[in-house]
Every structure is written in structure tokens, then in C-alpha cells.
Amino acid sequence: LIGVYTNRHGERWELQLKGSGKTPYSRNGDGRAVLRSSVREFLCSEAMHYLGIPTSRAASLVVSDDDVWRDQFYNGNVTKERGAIVLRLAKSWFRIGSLEILAHSGELDLQRKLLDFVIQEHFPSVAMNDSNRYLEFFSTVVLETANLIALWMSVGFAHGVCNTDNFSLLSITIDYGPFGFMDSYDPNFVPNTSDDEGRYKIGNQANVGMFNLNKLLQALKPLLDPRQKQLASQILEEYGKHYYVRFTELFKRKLGLLGENENDNYLIAFLLKVSLL
């Protein structure tokens, strides 16, 4: 993260470099990115933006003189590739994992400070003096995550690595890695060649969203009283309903279906099955 920029419209953007080298959080990685994946992230994030799907943006791409070694297909064949750096931006880069790691390490004071900062900066509908502000925050994230994944499904987008560290607290699409778009409908479509078990296959994205939100709830629980914990669990139970309603709404719009008809959902399911055959 290299800074925060406010444009002429008063919009606040966090600027981040991808591929610029190691940071204290690189673990065993080299902190580099290859030109191939950098071009894909640039093009896809801009495409998603113009498709009306919440996403990070790409401001620029610079080719690096450094050689980067990568095993592209995870088959032991390491090859030399041209490096690149992407300047990307988002309203926030905080993720579910940002809270999860603090809760896991017992840093509850720091977690509370971070959560209050995120709410104050990015959740204007949540009052900071409300004792239920963490509950309201969680409710918003549940609803918007359901909306985001339904939007992904409406254009056949598979993220590829839907872990908690790649799920934004602002429910925007971030961290374009082994993503892909389906050419034809296939619920088992997996764009990630390292995902042998199909954990992140496109047909499982909604379930993975539920899994990640449950991880967020577990991270928040030390900050909630018993009543709030119970209410938060009830909020999470509504995730499936939110997703189903939004998914149906988007596909009805694609098909030009007006009004309400009890056979709409059957028609959507039937057409998807036909395209699978």
C-alpha cells in the first residue's frame, strides 16, 4: 500500500502495487508478478467495472526488467517470465482475513480499532455510537457478499481462490489470480489448475461465500455480547435467501422476464441445464 488518493470528485482510493517486490508479509514468496497475469488482472478488473460488478481497478501497468520464475501449471516445469508491476486501486484493501488473523492471535484491542476504522471510513450507514455497530456491519457484509457472488454468477465469472484473504470487507472483487469466465455453463468449471478438489469451482462460490462469512462471524464473536452473537447467527442464516433472490433477479433480467411467476425459477434452472447438455 503506497498511499491514499482523493480525486476531484472527492472519492478516496487506496493505491497498491502488485509485483513490486517483497514486503514483511510476503512469507516465502518473491513479491513479484509476471507480465502475463498482470495484463489479465488489468483487463479483467476494468471489464468487471464496466459490467457493473464491484471491483478493484487498475490504474497502470509497468513492465519490469526483472526475470521472474514461475511454475505456471503447477507441474514442476519452472520457466522464466517477464516481470511486471500493476498499480491498482480500491476504496479499501481490508479483507475478512484482516480481522480473522487478529482474532486468531488474540489482538482484540487492535481488532476493535481496525473494525471501528473500517466502519467509520466505509460504512456511513452504521452509526459509530451505536452499541450494535458490529452487528450492523456484519449484516451489511452478509447482504453485499451475497449480491457480489450473484453478480459473478450472472456473467459466468469464477474467482479461482475464494479464501478469506481474498474476500473484501467492502464486498468488491479483489486479487485477480487464476480467475476465468465460462465459455458455456458448467457448474464444475475450475479456472485454478492447482485446485485439484474443485473447492473453488464456480458452482461452489455461493457456498464458499457462506463459509467465509462464518469465519468473519467467528472473528467478530469476541467483540459481541451473547444477544448480539445470537442475532449475528440469525443474520448469517439469511445469506442463502439473499443470494437466491439476487441470483433470480439477475437471471430474470437477462431473460427479459417481467413481473412474478412461480415458474420463473424452473425456467432459469431448465435453461442452465439445457446449456450444460
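The structure presented is a predicted model; accordingly, all values stated were derived computationally and were not measured. (Residues numbered from 1 in each chain as written. Predicted model: local features only at pLDDT ≥ 70, side-chain atom pairs only at ≥ 80, totals over all residues. Heavy atoms only, no water.)

Here the structure, examined in full by the defined rule, presents one cavity of 30 Å³ or more. As a volume, the largest cavity reaches approximately 50 Å³. Residue lining of the largest cavity: Thr 145, Leu 148, Trp 152, Asn 166, Phe 167, Ser 168, Ser 171, Ile 172, Thr 173 and Ile 174, and that is the complete set. Among the residues making up the lining of the largest cavity, the classes are represented as five nonpolar, five polar and no charged. (1 Å grid on protein atoms, 1.4 Å probe; cavity = no way out; pocket = protein on both sides within 12 Å on 5 of 7 lines; lining within 4 Å. Points joined across faces, edges and corners; volume = space filled by probe spheres on them. Nonpolar A, V, L, I, M, F, W, Y, C, P; charged D, E, K, R; others polar.)

Within the element layout of this structure, His 159 appears in the loop between strand S6 (157-158) and strand S7 (180-181). Taking relative accessible area as the criterion, His 159 reaches 2% and is therefore assigned buried. Within the local environment of His 159, its side chain forms a polar contact with the backbone nitrogen of Val 161, the two atoms lying 3.2 Å apart. (Helix = DSSP H or I, 4+ residues; strand = E, 2+ residues; numbered from the N terminus. Buried < 20%, exposed > 50% of the residue type's maximum accessible area, 1.4 Å probe, protein only. Polar contact = N/O pair within 3.5 Å; in protein donor to acceptor, adjacent residues only side chain to side chain.)

This next bit is on the packing of aromatic side chains. On inspection of all chains with the given rule, the structure shows 11 aromatic pairs. With a centroid separation of 5.0 Å and an interplanar angle of 70 degrees, the aromatic rings of Phe 123 and Phe 137 are classed as edge-to-face. Taken as a pair, Phe 123 in the loop between helix H3 (108-122) and helix H4 (133-154) and Phe 137 in helix H4 lie far apart in primary sequence, 14 residues in all. Across the pair, exposure class does not vary: Phe 123 and Phe 137 are buried alike. Ring-pair connections join several aromatic residues into one group, and the members of that group are Trp 152, Phe 157, Phe 167, Tyr 176, Phe 179 and Phe 181. Cation over ring: Arg 40 sits above Phe 179, and NZ or CZ is 4.0 Å from the ring centre. (Phe/Tyr/Trp six-rings, centres within 6.5 Å; stacked < 30°, edge-to-face > 60°. Lys NZ or Arg CZ within 6 Å of the ring centre and 35° of its normal.)

Grouped together as the largest cluster of nonpolar side chains are 58 residues, with contacts concentrated most on Phe 137, Phe 138, Trp 152 and Leu 216. Ranked by the residues each element gives to this core, the list is headed by H4, at 13 residues. (Core = buried A, V, L, I, M, F, W, Y, C linked by side-chain atoms within 4.5 Å.)

Attention now goes to the domain arrangement of the protein. By domain assignment, the protein separates into domain 1 (3-90) and domain 2 (96-255). With 19 residues of domain 1 at the interface, the matching set in domain 2 holds 19 residues. Carbon and sulfur atoms supply 61% of the area that domain 1 and domain 2 bury against each other, a total of about 1,500 Å² over both sides. For the pair domain 1 and domain 2, the number of links is two salt bridges. Put simply, Glu 121 and Arg 12 hold a salt bridge, and the shortest N to O gap is 3.7 Å. For the pair domain 1 and domain 2, the number of links is eight residue pairs in polar contact (both at pLDDT 80 or more). (Domains from an automatic or database assignment. Contact = heavy atoms within 4.5 Å. Buried area = accessible area lost by both parts, 1.4 Å probe. Salt bridge = Lys/Arg side-chain N within 4 Å of Asp/Glu carboxyl O.)

Before going further, it helps to examine the layout of surface pockets. If you add up the space inside the second largest pocket, you get close to 280 Å³. Lining the second largest pocket are 15 residues, and of these Tyr 185, Tyr 243, Tyr 244, Phe 247 and Leu 272 lie nearest its centre. Considering only residue class, the lining of the second largest pocket consists of 12 nonpolar, three polar and no charged.

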